[in-house]
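# Summary of structural features
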Amino acid sequence: MNRQETCSYILAYYWYHILIFVSIAALVVLFAAHYAFGNKKPEFTCIIVNQEMDAARDQEMADAFAKEAGLPENRVVIDSDYQFSYGEFRLEGANESSYEKFFFQWQNQEIDAVIMSESFYRHCKEMGGRFRVLEEQETEGFTVYMEEGQCSAVVLGNDSFTERVTGKADEKLLLAFPSSGQHTAESRSFLKYLQGKVI
């Protein structure tokens, strides 16, 4: 048998063995690549609730914060795609599945910081959400939001988005950190990063 006949023989009688071997090898390589280089969990996640959705602004903030904090840019998430109704606050045309997504992420300890209106802060508390108590040195340069004698958030300004929707001009825009958030050092860095910036 010459070389060509040998190859024809092997392909004719063992083609399915070769196919199975190649398929298994490809799966092993795919799983190894996914495990080694796959989608890594974020090192910091900030959710912006019921504000203007602006993916470009969010990405710009995430990149600037990552650079300042020394974090990988692809591992910092700032997302404003969370517009939904809650309690007495009704938002027309909102994606109500964002509400479930938000609390699902909270429950899974995936949220490190939340920028939200004061009324949504109270709604989170009513839903059983707890926020990390901020120390005095962390809040230097901010107006603090006190609750039960402890600082649980900082005031970023007035919430103009909620004012347009509800007509309430005295709604505060807060930055708070869920107590379930796992990246405390990054949260402190985010507070420092936001000092003097307008959201």
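Look up: the structure comes first, before these words.
Reference entry: report on the structure contained in this document. In this text, all values refer to a predicted model and were calculated from it rather than measured experimentally.

## Focus on the nonpolar core
Of all hydrophobic cores here, the largest spans 23 residues; its most connected members are L175 and F190. With residues near it in sequence (within four places) discarded, L175 still touches A113, V114, I115, A153, V154, L156, F190, L191 and L194. Counting residues in hydrophobic clusters, the runner-up holds 22 residues, among them I47, F120, Y121 and A153.

## Some remarks on the sheet that holds strand 2 (residues 76-82)
Within the open sheet, the six strands sit side by side as 2-1-3-6-5-4. Their pairing is mixed. Every other strand in the sheet has two partners, leaving strand 2 and strand 4 (143-147) as the edge strands with one partner each. The average undirected angle you get between the axes of adjacent strands in this sheet is 25°. With five bridges connecting them, strand 1 (residues 44-49) and strand 2 associate as parallel partners. Bridge pairing links C46 to I78 in strand 2. Set on the sheet, helix 3 (residues 97-107) makes contact with strand 1, strand 2 and strand 3 (113-117); between it and strand 2 the angle comes to about 150°.

## Considerations on helix 2 (residues 55-69)
Helix length check: helix 2, at 15 residues, gives a terminal C-alpha distance of 21 Å against a target of 21 Å (1.5 Å per residue), a fit within 8%. What helix 2 keeps buried is the set D58, M61, A62, F65 and A66. The buried side chains of helix 2 occupy one side of the element, clustering within an arc of 130° when seen end-on. The exposed residues of helix 2 that point more than 90 degrees off its buried face are A56, E60, K67 and E68. The elements touched by buried residues of helix 2 are strand 1, strand 2 and helix 6 (184-194). The residue sitting at the N-terminus of helix 2 and contributing the capping side-chain oxygen is D54; that oxygen lies 3.2 Å from the backbone nitrogen of A56.

## Points about the packing of helix 3 against helix 4 (residues 118-126)
Two elements in contact, helix 3 and helix 4, have axes whose closest approach is 13 Å; the angle formed by their N-to-C orientations is 60°. As judged from the angle between their axes, helix 3 and helix 4 are oblique. Both helix 3 and helix 4 take part in a crossing whose hand is right-handed. For the pair formed by helix 3 and helix 4, the contact residues are Y99, F102, F103 and W106 on the first element and F120, H123 and C124 on the second. Each residue belonging to the contact of helix 3 with helix 4 can be placed in one class, and the counts come to six nonpolar, one polar and no charged.

## Brief notes about the pairing of strand 1
Among the six residues in strand 1, six count as buried, and that is most of the element. Burial of the side chains of strand 1 extends over both faces: F44, C46 and I48 are buried on one face and T45, I47 and V49 on the other. Regarding topology, helix 2 serves as the crossover connection from strand 1 to the parallel strand 2, and that connection is right-handed. When strand 1 meets strand 3, the two strands line up parallel, connected through three bridges. Paired with I47 across the strands is V114, a residue of strand 3.

## Some words on the packing of aromatic side chains
Taken as a whole, this structure holds 17 aromatic pairs when the rule is applied. Measuring from ring centre to ring centre gives 4.8 Å for Y9 and Y13, while their planes differ by 45°; the resulting arrangement is tilted. Placement of both Y9 and Y13 in helix 1 (residues 3-37) is noted, with a separation of four residues, approximately one turn of the helix. With 5.8 Å between their ring centres and 70° between their planes, F102 and W106 make a pair best called edge-to-face. Highlighted residues: F102 and W106, both in helix 3, separated by four residues, approximately one helical turn. Each member of the pair, F102 together with W106, is buried. Taken together, the ring pairs connect Y82, F102, F103, W106, F120, Y121, F131 and Y145 into an aromatic cluster. Over the face of the ring belonging to F177 we find R132, whose NZ or CZ atom lies 5.3 Å from the ring centre.

Conventions and cut-offs
- Residues numbered from 1 in each chain as written.
- Predicted model: local features only at pLDDT ≥ 70, side-chain atom pairs only at ≥ 80, totals over all residues.
- Heavy atoms only, no water.
- Core = buried A, V, L, I, M, F, W, Y, C linked by side-chain atoms within 4.5 Å.
- Buried < 20%, exposed > 50% of the residue type's maximum accessible area, 1.4 Å probe, protein only.
- Contact = heavy atoms within 4.5 Å.
- Pairing = 2+ DSSP bridges.
- Helix = DSSP H or I, 4+ residues; strand = E, 2+ residues; numbered from the N terminus.
- Axes fitted to C-alpha atoms, helices over the stretch in contact; angles between N-to-C directions.
- Expected span 1.5 Å × (residues − 1).
- Arc of directions from axis to C-beta.
- Polar contact = N/O pair within 3.5 Å; in protein donor to acceptor, adjacent residues only side chain to side chain.
- Parallel < 35°, antiparallel > 145°, perpendicular 65-115°, else oblique.
- Left-handed = near helix turned anticlockwise from the far one by under 90°.
- Nonpolar A, V, L, I, M, F, W, Y, C, P; charged D, E, K, R; others polar.
- Right-handed = clockwise from strand over helix to strand, strands pointing away.
- Phe/Tyr/Trp six-rings, centres within 6.5 Å; stacked < 30°, edge-to-face > 60°.
- Lys NZ or Arg CZ within 6 Å of the ring centre and 35° of its normal.

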